[in-house]
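Structural characterization, general
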Amino acid sequence: MLKLALQGMRTRWVTFIGSFIALALGVGLIATTGLALAATFSAPDRGPERLVKAPVVVKTSDLVRADTPIGERTQTITDPAAVPAAVTEKLAALGEVVEDRSFPVSGPGLGEDTVGHPWSVAALTPYTLTTGRAPSAPGEAVATGDALRPGTRVQAATVRGSEQITVVGTVASAGFENALFFTDAEAARISPDVDAVAVDAPADLVEAAVGAGFDVLTGDERRRADPDPDRDEEALVSVNALLGTAAGVTGFVSVFVVASTFSFAVAQRRREFGLLRTAGATPSQVRRMVFIEAFVIGVLASAAGCWLGAAGAPRLATWMADAGIAPAWFRIGEQTWPLHTAFWTGLFVALSGVVVSSWRAGRVGPTEALRESAVDARAMPVSRWLIGGAVLATGLGLLSMALLDSPGDVLKRKTYITQPMLLIVGFALFAPVLVKPLTRLLTWLPARLPGATGMLARENASAGVRRTAAVAAPVIITVALAASLMGTTATISEAKAGEAREQITADLIATAGGEGRALPDEFVRRAEAVPGVTVSATRSTGVTVLEEGVALVKSEAKAVDPKAHAAVSHLPVVAGRLADLDDDSIVVNEEWLTMKVGDTVSVWLGDGRKADLRIAAVLSTGTGSNGVYLTERNAAGAPVDRVDLALPRDGSDSAAAALGAAAKETGVQLLTGDRWVEAHYPRSSENTRLGLWMILGIALVYTGIALANTLMMATSDRVRDLASLRLTGATKGQVLRLVGVEALVVVAVGAVLGAVIAGVNLLGVWSALGLLDVWSDVVVPWGTVAAVIGASALLATVASVLPASFALRVRPVELAGMRE
């Protein structure tokens with residue numbers, strides 16, 4: 001049987017080459033994304049970067065701790081308190097101390113997220129003067145990098161306002177921040193709070209001096225005093241989520257397409273199986289032969305795929321780093337388990353792909369097998385009806401349950417990416433019975449046009465439902481994924497923008513230009529001094545709560561003045577009143593399911609203090625942006641990062657002019673509510689778009705190759721049919737035109753089924769938004785869908801016409817007499 005299988009593989013090399021390519025590419029994709037995903041599981045080990053020369057660093061603890069039945073749990077806080085002056089005095093008695101301060105600085109010519117520091121700290125850092133001199137007077141600064149040269153004047157904005165700064169020196173960039181160094185006195189004036197203190201003294205004496213509530217850092221622990229010490233782990237979280245999604249999508253696409261290709265390859269050989277049965281082969285021998293072929297192809301293709309994955313993963317990582325999706329240091333590690341996973345997955349898929357077809361081929365009688373090889377009389381066995389119904393019912397059932405139980409879950413990436421997969425599988429399993437009526441519907445008009453091309457294309461596609469379904473499968477998955485992923489993200493983004501737009505009633509909104517950057521105090525004072533202007537200053541902070549007694553969960557929070565904020569916003573309150581918010585209460589949203597107005601909740605505030613607060617009001621969940629609200633007293637340490645402004649009815653022009661002048665002089669960005677929403681709620685961020693295109697690009701390339709591969713297999717199997725058309729009088733051009741039209745019909749069938757799947761998914765998202773009281777139009781990515789369908793049509797036409805044209809170079813009489 002092994003010899004027979006190998007001889008059959010040599011004879012039908014076109015079919016097996018197609019299966020080999022499909023499986024090798026599928027395994028290669030799984031290996032590539034698996035290796036990249038494995039590289040996100042651990043960040044590089046880094047030592048201290050800024051205060052690398054400080055013997056001991058003291059800072060206020062930025063962790064809250066809670067004892068739970070499963071052990072101690074910790075969570076970082078957003079606004080750790082400053083180091084008190086009394087602590088600095090105690091440390092000064094032990095040894096030389098240096099106070100470290102960090103504060104945002106912005107202005108023309110300055111790099112993104114520039115921060116200011118006192119010059120004395122530079123002695124403890126990797127920075128050394130490369131040009132110029134150290135700052136010695138107010139208004140002087142030393143810059144990192146070479147973008148600003150000594151003598152350059154910069155209009156810089158800080159939390160104290162806007163002022164002109166002269167660069168008097170530069171230091172080489174250390175790569176982890178853009179910094180400006182001021183004199184110690186100037187830095188203390190701009191930012192009085194001390195973030196950390198470096199002390200040259202024994203660590204045990206330092207610990208005894210500062211007591212509880214402070215972190216005494218030595219060795220590699222000094223990294224906790226670096227700017228954004230968790231940035232590597234945080235960067236990997238987003239990359240991990242993206243690659244996890246990519247691995248799931250590409251794994252699903254490759255398994256789906258490979259299984260479809262193998263199943264089609266076996267179905268093509270019904271006549272061969274019939275001849276074997278006629279010659280005396282038993283059903284078990286036929287099945288064994290098919291499994292041996294699949295095993296050989298599976299082993300060879302999986303090994304080739306692993307080689308492709310090992311070669312492709314470093315290139316993927318490099319592209320992600322260059323595109324800004326992953327951090328610059330992101331590299332593929334030495335893990336091998338993704339290759340093992342990909343290899344055994346490929347072999348399993350190869351064997352699974354022939355199970356049903358080989359069983360069906362082996363169980364029928366010889367005469368019946370020969371008869372079935374001529375036409376697809378029975379498109380689907382009972383088992384496929386049952387499996388397809390179960391998968392489709394599961395997909396629709398899960399969507400319905402999510403809508404009824406927790407509509408917010410439908411908007412989560414994990415749900416709206418996995419949901420289409422179940423629908424794709426369900427519709428694909430039913431494709432053999434959907435193809436025929438859909439084909440007849442789509443070709444109703446072409447079949448009635450003059451000439452036989454439309455009629456023949458209709459009849460050929462309707463008769464060969466297995467072939468049509470196998471070729472349409474890649475188109476189904478491509479159109480469904482492209483429309484679902486891009487449409488869902490765009491719809492959710494549009495809904496978030498609409499929700500924000502409805503909540504804003506302010507005439508103007510002031511920000512410092514960067515996400516979370518502090519506004520100058522001077523602007524707030526000047527805005528409050530403008531007659532008739534209502535000023536609502538917002539401080540972004542966070543609260544931490546112990547959920548179910550086992551998990552510390554941090555939520556974003558905003559600190560506002562309730563009365564002023566009610567005048568510039570319309571929050572979606574579903575219970576209680578925003579006006580009841582005071583220093584002893586809190587406003588939460590419906591995600592806090594066990595809480596209602598009047599209940600008391602224990603939280604850790606942004607500065608680490610624990611407080612028992614009464615719930616004053618509950619907001620609707622919406623798209624997830626409706627967070628927690630506190631008063632300013634409960635947000636100690638959080639700077640003002642947004643100011644909403646309502647102009648007076650009389651004299652609004654003069655008030656707007658005064659606010660505009662204040663904004664210009666303090667370096668503040670002032671926008672109308674609609675312009676602010678446009679700037680802060682784009683349809684999707686650049687990284688999100690790049691990530692989605694990476695996922696779709698991988699899936700589209702693979703399904704495109706699979707489409708061409710399947711069409712070439714199908715066309716090579718029809719050479720005798722094409723020869724028969726030539727013998728009946730059809731010209732070569734007419735035959736090729738017929739083949740091209742058939743390919744377009746199949747692409748149209750796949751596009752319609754894919755569009756139906758995407759429509760169901762988008763309808764679920766739209767319904768979830770409606771249940772959350774966020775009504776938004778469904779955003780359909782027409783351009784993306786049209787490009788996908790157009791590319792599929794072009795590829796299908798070329799992949800079918802090209803092999804047919806080569807086959808027709810042989811005389812029709814010889815083709816008609818060819819054996820399989």
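Computed from a prediction, not measured in an experiment: that's the story for all the values here.

For the chain, the count of helices and strands is 26 helices and 23 strands. Counting across all 820 residues of the chain, residues that qualify as buried make up 51%. Look at the contacts in the chain between residues 6 or more apart in sequence, and 82% of them connect residues 24 or more apart. For the chain, the computed accessible surface area is about 36200 Å², with 58% contributed by carbon and sulfur atoms.

Within the structure shown, the criterion is met by 21 salt bridges. Among the ionic pairs, Glu140 bridges to Arg133, the shortest N-O distance being 2.9 Å. A salt bridge links Asp583 to Arg633; the shortest N-O distance between them is 4.0 Å. With Asp583 in the loop between strand 17 (573-576) and strand 18 (585-589) and Arg633 in the loop between strand 21 (628-630) and strand 22 (640-646), the pair connects residues that are 50 residues apart, well separated along the chain.

Right, let's talk about the nonpolar core for a bit. Of all hydrophobic cores here, the largest spans 85 residues; its most connected members are Leu243, Val253, Met320 and Met694. With 15 residues, helix 17 (residues 465-503) is the largest single contributor of residues to this core. Here Leu243 is in contact with Ala36, Leu37, Thr40, Leu316, Met320, Phe330 and Met694, once residues within four sequence places are set aside. If you look at the next biggest cluster of nonpolar residues, it comprises 18 residues, including Val524, Ala527, Val535 and Val668.

Another aspect to go through is the packing of aromatic side chains. What the rule picks out here adds up to six aromatic pairs. Here the aromatic cluster, defined as three or more aromatic residues joined through ring pairs, consists of Trp119, Tyr127 and Phe181. One residue, Arg642, lies across the ring of Trp676, its end atom 4.3 Å from the ring centre.

Here we take up the sheet that holds strand 4 (residues 97-100). Taken together, the four strands give an open sheet; going across it, the order is 4-12-1-13, and neighbouring strands pair in antiparallel fashion. Looking at strand neighbours, the two that pair on one side only are strand 4 and strand 13 (214-217), the edges of this open sheet. Ignoring which end each strand starts from, the neighbouring axes of this sheet average 20° apart. Where strand 1 (residues 56-60) meets strand 13, four bridges bridge the pair, whose relative direction is antiparallel.

Our next topic: the pairing of strand 8 (residues 140-144). The buried fraction of strand 8 is high, at five of five residues. Residues Glu140, Val142 and Thr144 line one face of strand 8 and the alternating positions Ala141 and Ala143 line the opposite face, and both faces are buried. In the sheet, strand 8 pairs with strand 10 (residues 161-171) via five bridges, with the strands oriented parallel. Across the sheet, residue Ala143 finds its bridge partner in strand 10, namely Thr170. Examined bridge by bridge, strand 8 and strand 11 (residues 179-182) share two bridges and lie antiparallel to one another. Its bridge partner being in strand 11, Ala143 is matched across the sheet by Leu180.

Even without being glycine, Asp773 reaches a positive phi, approximately 60°. Along the chain, Asp773 turns up in the loop between helix 24 (732-771) and helix 25 (782-807). A relative accessible area of 59% means that Asp773 is categorised as exposed.

What follows concerns helix 20 (residues 652-666). With 15 residues, helix 20 ought to run about 21 Å at 1.5 Å a step, and its terminal C-alpha atoms sit 21 Å apart, in line with that. Burial in helix 20 covers these residues: Ala655, Leu659, Ala662, Ala663 and Thr666. Viewed along the axis of helix 20, the buried residues span an arc of 100°, placing them on a single side of the element. Turned more than 90 degrees away from the buried face of helix 20, the exposed residues are Asp653, Ser654 and Lys664. Note on helix 20: the residue one or two positions beyond its end, Gly667, has a positive phi of about 75°.

One can find Thr784 in helix 25. The contacts of Thr784, once residues within four sequence positions are left out, are Ala482, Met486 and Trp693.

Moving on, we come to the side chain of Asp62. Tracing the backbone shows Asp62 in the loop between strand 1 and strand 2 (63-68). Judged by its relative accessible area of 12%, Asp62 falls in the buried class.

Below, the discussion takes up the packing of helix 17 against helix 24. The geometry of helix 17 relative to helix 24 is characterised by a closest axis approach of 7 Å and an angle of 30° between their N-to-C directions. In this view, helix 17 runs roughly parallel relative to helix 24, as classed from their interaxial angle. For the element pair helix 17 and helix 24, the recorded crossing hand is right-handed. Each residue belonging to the contact of helix 17 with helix 24 can be placed in one class, and the counts come to 19 nonpolar, eight polar and two charged.

With that out of the way, let us pick up the packing of helix 15 (residues 431-442) against helix 24. Helices that pack against each other are described as a pair by the angle of their axes relative to one another and the distance between those axes. Orientation of helix 15 relative to helix 24, taken along the N-to-C sense of each, is 110°, at an axis distance of 10 Å. Looking at the two axes, helix 15 sits roughly perpendicular to helix 24. Where helix 15 crosses over helix 24, the handedness of that crossing is right-handed. Along the contact surface, helix 15 presents Leu434, Val435, Leu438, Thr439 and Leu442, while helix 24 presents Val745, Ala748, Val749, Val752 and Leu753.

Quick look at helix 21 (residues 673-680) now. Because an α-helix completes one turn every 3.6 residues, residues spaced three or four positions apart along the sequence face the same direction. Within the span of helix 21, buried status applies to Gly673, Trp676 and Val677. Each buried residue of helix 21 sits inside an arc of 100° when the element is viewed along its axis, so together they form one side. For helix 21, the exposed residues lying more than 90 degrees away from the buried face are Glu678 and Ala679. Lining the buried residues of helix 21 we find helix 17, strand 14 (508-511), strand 22 and strand 23 (669-672).

In this section: the environment of Ile292. By the secondary structure assignment, Ile292 is in helix 8 (residues 283-323). Spatially, the C-alpha atoms of Ile292 and Leu351 are 9.0 Å apart, while their sequence positions differ by 59 residues.

Right, let's get into the confidence of the model for the chain. Per-chain confidence: the chain averages 82 in pLDDT, with 89% of residues scoring 70 or above. At the level of individual helices and strands, the chain shows its lowest average pLDDT in helix 1 (residues 2-11), which scores 53, and its highest in strand 21, which scores 93.

Attention shifts here to a nonpolar patch on the surface. Side chains of Ile17, Ile21, Val701 and Ile705 sit close together on the surface and give an oily, nonpolar patch of about 310 Å² of accessible area. Listing elements by their share of the nonpolar patch, those giving two or more residues are helix 2 (13-38) and helix 22 (686-716). Along the chain, Ile17 turns up in helix 2. Judged by its relative accessible area of 40%, Ile17 falls in the partly exposed class.

Reading the values: rules and limits
Residues numbered from 1 in each chain as written. Predicted model: local features only at pLDDT ≥ 70, side-chain atom pairs only at ≥ 80, totals over all residues. Heavy atoms only, no water. Helix = DSSP H or I, 4+ residues; strand = E, 2+ residues; numbered from the N terminus. Buried < 20%, exposed > 50% of the residue type's maximum accessible area, 1.4 Å probe, protein only. Contact = heavy atoms within 4.5 Å. Areas by Shrake-Rupley, 256 points an atom, 1.4 Å probe, with all protein chains shown as cover. Salt bridge = Lys/Arg side-chain N within 4 Å of Asp/Glu carboxyl O. Core = buried A, V, L, I, M, F, W, Y, C linked by side-chain atoms within 4.5 Å. Phe/Tyr/Trp six-rings, centres within 6.5 Å; stacked < 30°, edge-to-face > 60°. Lys NZ or Arg CZ within 6 Å of the ring centre and 35° of its normal. Pairing = 2+ DSSP bridges. Axes fitted to C-alpha atoms, helices over the stretch in contact; angles between N-to-C directions. Expected span 1.5 Å × (residues − 1). Arc of directions from axis to C-beta. Parallel < 35°, antiparallel > 145°, perpendicular 65-115°, else oblique. Left-handed = near helix turned anticlockwise from the far one by under 90°. Nonpolar A, V, L, I, M, F, W, Y, C, P; charged D, E, K, R; others polar. pLDDT = per-residue confidence, 0-100. Patch = residues over 30% accessible without salt bridge, like charges linked within 9 Å, V, L, I, M, F, W, Y side chains within 5 Å.

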